[in-house]
Amino acid sequence: MNSNKPLDLSAKVPPIKPSKLLSNSRRIEMFTYMLQAREFDLAMQRLNRQGRAFGGVYSQTGNEASSVGSAYALGDKDVLFPMHRNIGGHFVFKQDLNTLMLAFLAREGSLMRGTDGTGHYADVKKRIYGNVSHLGAMIPVAAGFVLASKMRGESVVSMTYIGDGGAQTGEFHEGVNFASVQKLPLILIIENNQYAYSSPNSVEFACVKLSDRALGYGCFGVTIDGTDVELVYETCFKAAERARKGEGPSLIESITMRMRGHAEHDDFSYVSREELEYWKKRDPIDRYQKYLLTKKVLSLDEITSIRTKLIDDIRSAIDYAVDLPFPSGEEGFKNVFID
Ligand SMILES: Cc1ncc(C[n+]2csc(CCOP(=O)(O)OP(=O)(O)O)c2C)c(N)n1
Ligand SMILES: [Mg+2]
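Remember, it's a predicted structure, so these values are computed and weren't measured experimentally.

1. As for the coordination of the magnesium ion (ligand 2)
For the magnesium ion (ligand 2), the full set of protein donor atoms is D164 (OD), N193 (OD1) and Y195 (O), at a range of 2.0 to 2.2 Å. The sequence motif formed by the donor residues of the magnesium ion (ligand 2) is D-x28-N-x1-Y. One end of the pair, D164, is in the loop between β2 (158-163) and α6 (170-181); the other, Y195, is in strand β4 (residues 195-196), with 31 residues separating them in the sequence. As far as the burial class goes, D164 and Y195 line up, both buried.

2. A short note on the side chain of R258
As for its placement among the helices and strands, R258 is situated in the loop between β7 (250-255) and α9 (273-280). A polar contact is formed between the side chain of R258 and the backbone oxygen of Y197, at a distance of 2.9 Å. Separated by 2.8 Å, the side chain of R258 and the backbone oxygen of R260 make a polar contact. Setting aside its immediate chain neighbours within four residues, R258 contacts R85, N193, Y195, A196, Y197, D266, F268 and Y270.

3. Brief notes about the nonpolar core
Ranked by size, the top nonpolar core spans 86 residues in total, and within it F40, M44, M101, F172, I187, L251 and Y288 carry the most contacts. No other element matches helix α1 (residues 24-49), which puts 10 residues into this core. Sequence-distant contacts of M44, defined by excluding residues within four places in its chain, comprise A53, V57, M101, F104 and L105. Among the nonpolar cores identified, the runner-up in size contains nine residues, and M259, F268, V271 and L276 belong to it.

4. Remarks on the sheet that holds strand β6 (residues 220-225)
The five strands lie next to each other as β1-β2-β3-β7-β6, forming an open sheet whose pairing is parallel. The open sheet has two edge strands with one neighbour each: β1 (79-81) and β6. Taken pair by pair, the neighbouring strands of this sheet meet at an average axis angle of 20 degrees, ignoring direction. Strands in contact with helix α5 (residues 138-151) are β1, β2 and β3 (186-192); relative to β2, the strand with the most contacts, it is inclined by about 170 degrees.

How each quantity is defined
- Residues numbered from 1 in each chain as written.
- Chains lettered and ligands numbered in written order.
- Predicted model: local features only at pLDDT ≥ 70, side-chain atom pairs only at ≥ 80, totals over all residues.
- Heavy atoms only, no water.
- Donors = N, O, S within 2.8 Å, 3.2 Å for Na, K, Ca; no water.
- Helix = DSSP H or I, 4+ residues; strand = E, 2+ residues; numbered from the N terminus.
- Buried < 20%, exposed > 50% of the residue type's maximum accessible area, 1.4 Å probe, protein only.
- Polar contact = N/O pair within 3.5 Å; in protein donor to acceptor, adjacent residues only side chain to side chain.
- Contact = heavy atoms within 4.5 Å.
- Core = buried A, V, L, I, M, F, W, Y, C linked by side-chain atoms within 4.5 Å.
- Pairing = 2+ DSSP bridges.
- Axes fitted to C-alpha atoms, helices over the stretch in contact; angles between N-to-C directions.

Structure follows, in structure tokens:
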């Protein structure tokens, strides 16, 4: 799979590449997390239109397989440094809905004390760190985390993400180079969703695949279809195995599509209808649902009842959060300056 090439609009949607590492119950679990990510995203879009969600609402639609499949491949000591389109990973790491909704609706008492509405929080107990908003800057932090654990003799894998735009920053290079030299157990997923704001890949980089850079760093690199959750899972599981064996970092370019604007204010009129149609056919949830139905892992009725329960739970979390107050103005000055 190439990243920086014009799309072949007539190309057929490939079948899901089933992973031998997954049982059917784990498939259902992954699919449920994907549905949860989608429904949470739709709820955030609605809240934004109702004027109840402030700041940027960065749609995750199209990124569910990449975000869920990658985080699902980690173990229970590993750590996650998600970016702004990785809500699925928060669910995989068992973040609860009320906590997330409080943070996203910037309510008093939330993990960011109501000073942020876009998920820049850390929840150390849940092993979720980030996101660091400055593109690229989280990579050295995620690398530093496992440098520290390595020095303590612990076996921890750190997974983090960067976009196709963020992959062009200096700190991307510094972080991946450092992790490769130190053979750190770091997995970096480049989520190439075709655009950074309105800039397409063609104005971002000149190489064919972003994973080709791995050769220059001396680490493992691969480019995969990021809309196939089982392929994402298997690729990341193997990367984590290599990391635990001391074989160093992996640079995984996951090809997806940002199906909406950069944030909800952006009408993404710079994306052609043909391009969106191409990617609609590769919707990660539709693809996986079709696979699970064909293999009789789930029936349509079962999927409907999973979805209904997820929607009910999200509604309850919204009801819980919207009734709580915003923080006082002084909160914005706390933890910013040293007295
Ligand atoms: C160093 C830096 N420059 C600019 C920004 C503003 N910014 C936030 S998201 C974004 C676009 C990122 O595009 P990409 O990395 O492709 O991620 P995507 O939003 O497509 O998931 C920009 C320019 C920033 N946060 N950090
Ligand atoms: Mg992008």
